[in-house]
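In case you want the letters, here they are:
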Amino acid sequence: MSWDWVPPRPGEDEPTRRTDRRLRLALTVLMVVFTGVLAVYYLTVGLDQMRTQCVTERPEGVSSNEVSTSWRWWPPGYDCSYPDGGTTSA
């Protein structure tokens, strides 16, 4: 909702109101960009660590070539599959 129709209060001049708007806009843009960076970091690093965890926590006698991962949508991540039929979630 825009408050532009409200006249400035005594002692409140127009240039400072514009500066406040610019500051608010700058902070909003920075927060959106920061959130985007965190999302990209999670998708690249966090999910890759989940896939690597499937290989490092494999059962005895299973080689790293026999481990397969499949994407699951909810909760986001990977399901680990091993050749003996056991499936665990990472």
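Not measured: the values here are computed from a predicted model.

(A) Spatial organisation of the pattern of salt bridges. A complete count under the given rule lists one salt bridge for this structure. Of the charged contacts in the structure, one is a salt bridge between Asp79 and Arg72, with a shortest N-O distance of 2.7 Å. By relative accessible area, Asp79 is classed as buried at 19%. Judged by its relative accessible area of 15%, Arg72 is buried.

(B) Highlighting the state of the cysteines. One pass over the structure, following the stated rule, counts one disulfide. Between the sulfur atoms of Cys54 and its disulfide mate Cys80 the distance is 1.7 Å. Between Cys54 and Cys80, the S-S dihedral sits near -60°, and the bridge is therefore left-handed. With Cys54 in helix α1 (residues 14–56) and Cys80 in strand β2 (residues 77–81), this pair connects stretches of sequence that are 26 residues apart. Both residues of the pair, Cys54 and Cys80, belong to the buried class.

Criteria and cut-off values
- Residues numbered from 1 in each chain as written.
- Predicted model: local features only at pLDDT ≥ 70, side-chain atom pairs only at ≥ 80, totals over all residues.
- Heavy atoms only, no water.
- Salt bridge = Lys/Arg side-chain N within 4 Å of Asp/Glu carboxyl O.
- Buried < 20%, exposed > 50% of the residue type's maximum accessible area, 1.4 Å probe, protein only.
- Disulfide = S-S within 2.5 Å.
- Helix = DSSP H or I, 4+ residues; strand = E, 2+ residues; numbered from the N terminus.

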